[in-house]
Amino acid sequence: MLHTLIKHDLKALQAFVAIVECQGVTAAQKRLNMSQSAISMHLAHLEESLGVILCRRGRSGFGLTKAGHQLYEACTLLLQATSEFHREVQNIKWHRSVLSGKLRIGLVEYLPPDFQRIFNQVIASAYQHYPELRLTIDICAPHDIETAIANNQMDFGIGYYYSLLKNLQYQIVFEQREHVYCHAEHPAAKVKDLTLNQLAEEYHWVKRTYADFPANAGFSAGVTTATADKERATLLFILAGSHLGFLSQDMAEPYVRTGELVPLLAQQATNIINHFAVTRPTPDPRVNWFLGELSGLLP
């Protein structure tokens with residue numbers, strides 16, 4: 001029966017559903033806005049094609065046969081699926097029209113490899129599903145990302161912050177651990193029983209310009225004689241052997257592995273930093289889609 005029915009025009013099936021729910025051909029005219037003869041033709045066509053009687057009409061009133069009941073249940077499922085299909089098609093058309101144009105993204109200069117892989121997957125998905133979308137990515141210091149988003153020069157960004165601006169929205173996307181590092185030849189690397197007070201008071205520090213010293217690090221930095229706008233610039237000062245500074249584990253690890261950098265008091269002088277997706281309070285659908293895809297892939 002199903003194989004035969006799928007060959008029929010949906011209008012005939014819709015007419016049958018109306019006949020059943022209105023309890024007769026005559027009563028179904030107003031709902032379908034069709035003549036009685038046209039409705040009867042649809043019904044006759046279905047009965048002839050299926051080789052069964054679907055309903056009985058006469059002095060005793062309208063009634064469905066067993067085959068009629070079966071067909072009505074099948075039609076209900078079919079029409080529900082058709083309606084859902086129509087909504088999905090409209091949704092595709094909406095996304096095609098809305099998810100287009102330029103999406104401007106700001107990123108800090110260093111992101112963990114695992115996060116980079118996920119971000120790359122979302123980029124690939126964007127171009128696969130929405131070929132009219134155009135992405136631009138700028139590498140910036142976190143405070144520059146905030147400024148650009150607030151001034152409508154970027155649509156969203158990802159960076160890490162110790163204080164959040166009230167006029168922007170922030171959503172945590174991942175956490176990263178920082179430690180204090182120095183060059184292997186730095187005096188602090190050679191001190192036995194190094195203390196937090198010594199770290200804070202006896203050595204020169206490099207500080208990133210956009211971040212206050214981490215309040216949850218358990219101590220305050222000593223004399224700050226160098227500043228850096230980006231983490232890689234912080235790394236340069238530490239590799240020079242002149243300064244101590246905070247670096248993410250991911251960035252420092254290759255240099256620790258080769259023996260160039262040494263973590264100092266890793267169990268005590270540590271800091272967890274939150275990386276946020278930053279948007280305006282009312283981001284557009286392209287931003288919502290991109291961050292939704294990103295969130296769905298993050299652990």
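To keep things clear, this report deals only with the structure shown in the data block. (Residues numbered from 1 in each chain as written. Predicted model: local features only at pLDDT ≥ 70, side-chain atom pairs only at ≥ 80, totals over all residues. Heavy atoms only, no water.)

Focus: the environment of Ala 269
Under the convention used in this document: A helix here means a DSSP run of H or I that spans at least four residues, while a strand means a run of E at least two residues long, and both kinds are numbered starting from the N terminus. Only protein chains enter the calculation, and the probe is 1.4 Å; a residue is then buried if its accessible area is under 20% of its type maximum, exposed if over 50%, and partly exposed in between.
For Ala 269, the position within the fold is in the loop between β10 (261–264) and β11 (270–279). Of the residues examined, Ala 269 reaches a relative accessible area of 0% and is grouped as buried.

Thoughts on the packing of aromatic side chains
This is how the line gets drawn: Note on ring pairs: Phe, Tyr and Trp rings are taken, using the six-membered ring of Trp, and paired if centres are within 6.5 Å. Classes follow the plane angle, with under 30 degrees stacked, over 60 edge-to-face and the rest tilted.
Enumeration over the complete set of coordinates arrives at 9 aromatic pairs. Measuring from centroid to centroid gives 6.1 Å for Phe 115 and Phe 119, while their planes differ by 40°, and the two rings are tilted. Of this pair, Phe 115 and Phe 119 both sit in helix α6 (residues 113–129), 4 residues apart, roughly one helical turn. There is no split in this pair, since Phe 115 and Phe 119 are both buried.

Quick notes on the pattern of salt bridges
In plain terms, the rule: What counts as a salt bridge is simple: a side-chain nitrogen of Lys or Arg found within 4 Å of a carboxyl oxygen of Asp or Glu.
Counted by the stated rule, this structure contains 8 salt bridges. Linking Glu 21 and Arg 31 is a salt bridge whose minimum nitrogen-to-oxygen distance equals 2.7 Å. Here Glu 21 is found in helix α2 (residues 10–22), whereas its partner Arg 31 is found in helix α3 (residues 25–32), with 10 residues between them in sequence. For Glu 21, a relative accessible area of 41% puts it in the partly exposed group. Residue classification places Arg 31 among the partly exposed residues on the basis of a relative accessible area of 47%. Via salt bridges that share partners, Arg 104, Asp 155 and Arg 280 belong to a single interconnected network.

Some words on the environment of Ile 238
To keep it simple, the criterion reads: Note on contacts: a residue pair is in contact if any heavy atoms of the two residues lie within 4.5 Å.
Inspection of the secondary structure puts Ile 238 in helix α9 (residues 231–239). You can call Ile 238 buried: its relative accessible area is 0%. Along the backbone, Ile 238 and Leu 261 are 23 residues apart, and their C-alpha atoms lie at a distance of 8.0 Å. Discounting residues that sit within four places of it in the chain, Ile 238 has contacts with Tyr 181, Cys 182, His 183, Val 206, His 243, Leu 244, Gly 245, Leu 247 and Leu 261.

Concerning helix α7 (residues 142–150)
Rule in force here: The directions from the helix axis to the C-beta atoms are what the arc is built from.
Among all positions of α7, only Pro 142, Ile 145, Glu 146, Ala 148 and Ile 149 are buried. Looking down the long axis of α7, one finds its buried residues gathered within 165° of arc, a one-sided arrangement. Looking at the buried side of α7, the elements it contacts are β3 (101–107), β5 (156–160), β6 (169–183) and β11. Positive phi shows up at Asn 152, right after α7, with a value of about 65°.

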